[in-house]
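# Report on the structure
Now for the letters of each chain:
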Amino acid sequence: MPGDQEKTLEVELFWSPVADKEKFEGEAKAVTSENEVGEFDILPEHANFITLIFNSLTVYTPEEEKEYEFSRGVVEVADNKVRIFLEV
C-alpha cells in the first residue's frame, strides 16, 4: 500500500563517561530490556514511562540487532522517543 511504512522508534543510547563506550542514535523497530518486574519490550507508540533497567538491552534496528551488557541504567520513553542511560 503506498505510503504505508513500518513505524519505528527514535532511540538515543548514552553511556556514563567512565564507561568509555560508543553512543547509539538511530531508528529501531523495538527495544528489549529488563527491570525489577522482568523482561519487557518497547514498541512504536508505547506508553510514556521511565524505569530502571538491569543486565542487558537489545535494540532491533531495521538492519540488525544491537546487544548491550551493563549493570544498571535508566530508560525513558516519551512521544515515540527512547532515551537510554547506561552505567549511571
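If you're wondering where the values come from, they're calculated on a predicted model, not measured in any experiment.

This paragraph deals with the nonpolar core. The biggest cluster of nonpolar side chains holds 19 residues, and the ones touching the most others in it are Leu-57 and Ile-84. Every element with two or more residues in this core is listed here: β1 (9–15), β2 (24–28), β4 (39–42), β5 (49–60), β6 (65–78) and β7 (81–86). Setting aside chain neighbours within four positions, we find Ile-84 in contact with Val-11, Glu-12, Leu-13, Phe-14, Val-31, Ile-53, Leu-57, Val-74 and Val-75.

Enumeration according to the criterion identifies three aromatic pairs in this entry. Aromatic pair Phe-14 and Phe-85: ring centres 5.3 Å apart, planes at 15°, arrangement stacked. Here Phe-14 is found in strand β1, whereas its partner Phe-85 is found in strand β7, with 71 residues between them in sequence. The cationic tip of Lys-21 hangs over the ring face of Trp-15; the distance from NZ or CZ to the ring centre is 4.8 Å.

Attention now moves to the pattern of salt bridges. This structure, assessed with the given rule, holds four salt bridges. With its nearest N and O atoms 3.1 Å apart, the salt bridge here joins Glu-25 to Lys-23. A relative accessible area of 53% means that Glu-25 is categorised as exposed. Between Glu-64 and Lys-66 there is a salt bridge whose closest N-O contact spans 3.5 Å.

Side chains Phe-40 and Ile-42 project from β4 onto a buried face, and the interleaved Glu-39 and Asp-41 project onto a face without burial. As defined by bridge partners, strand β3 (residues 30–34) adjoins β4 across four bridges and the pair is classed as antiparallel. Residue pairing across strands places Ser-33 opposite Phe-40, the latter belonging to β4.

So, on to the sheet that holds β5. Read across the sheet, seven strands follow the order β2-β1-β7-β6-β5-β3-β4 without closing on themselves; strand pairing throughout is mixed. Single-partner strands in this sheet number two, and they are β2 and β4. Strand after strand, the sheet turns through a mean of 35° between neighbouring axes, direction not considered. Of the pairings in the sheet, the one linking β1 to β7 comprises six bridges and is parallel in character. From the neighbouring strand, Glu-12 faces β7, where its bridge partner is Arg-83.

Scoring rules and cut-offs
Residues numbered from 1 in each chain as written. Predicted model: local features only at pLDDT ≥ 70, side-chain atom pairs only at ≥ 80, totals over all residues. Heavy atoms only, no water. Core = buried A, V, L, I, M, F, W, Y, C linked by side-chain atoms within 4.5 Å. Buried < 20%, exposed > 50% of the residue type's maximum accessible area, 1.4 Å probe, protein only. Helix = DSSP H or I, 4+ residues; strand = E, 2+ residues; numbered from the N terminus. Contact = heavy atoms within 4.5 Å. Phe/Tyr/Trp six-rings, centres within 6.5 Å; stacked < 30°, edge-to-face > 60°. Lys NZ or Arg CZ within 6 Å of the ring centre and 35° of its normal. Salt bridge = Lys/Arg side-chain N within 4 Å of Asp/Glu carboxyl O. Pairing = 2+ DSSP bridges. Axes fitted to C-alpha atoms, helices over the stretch in contact; angles between N-to-C directions.

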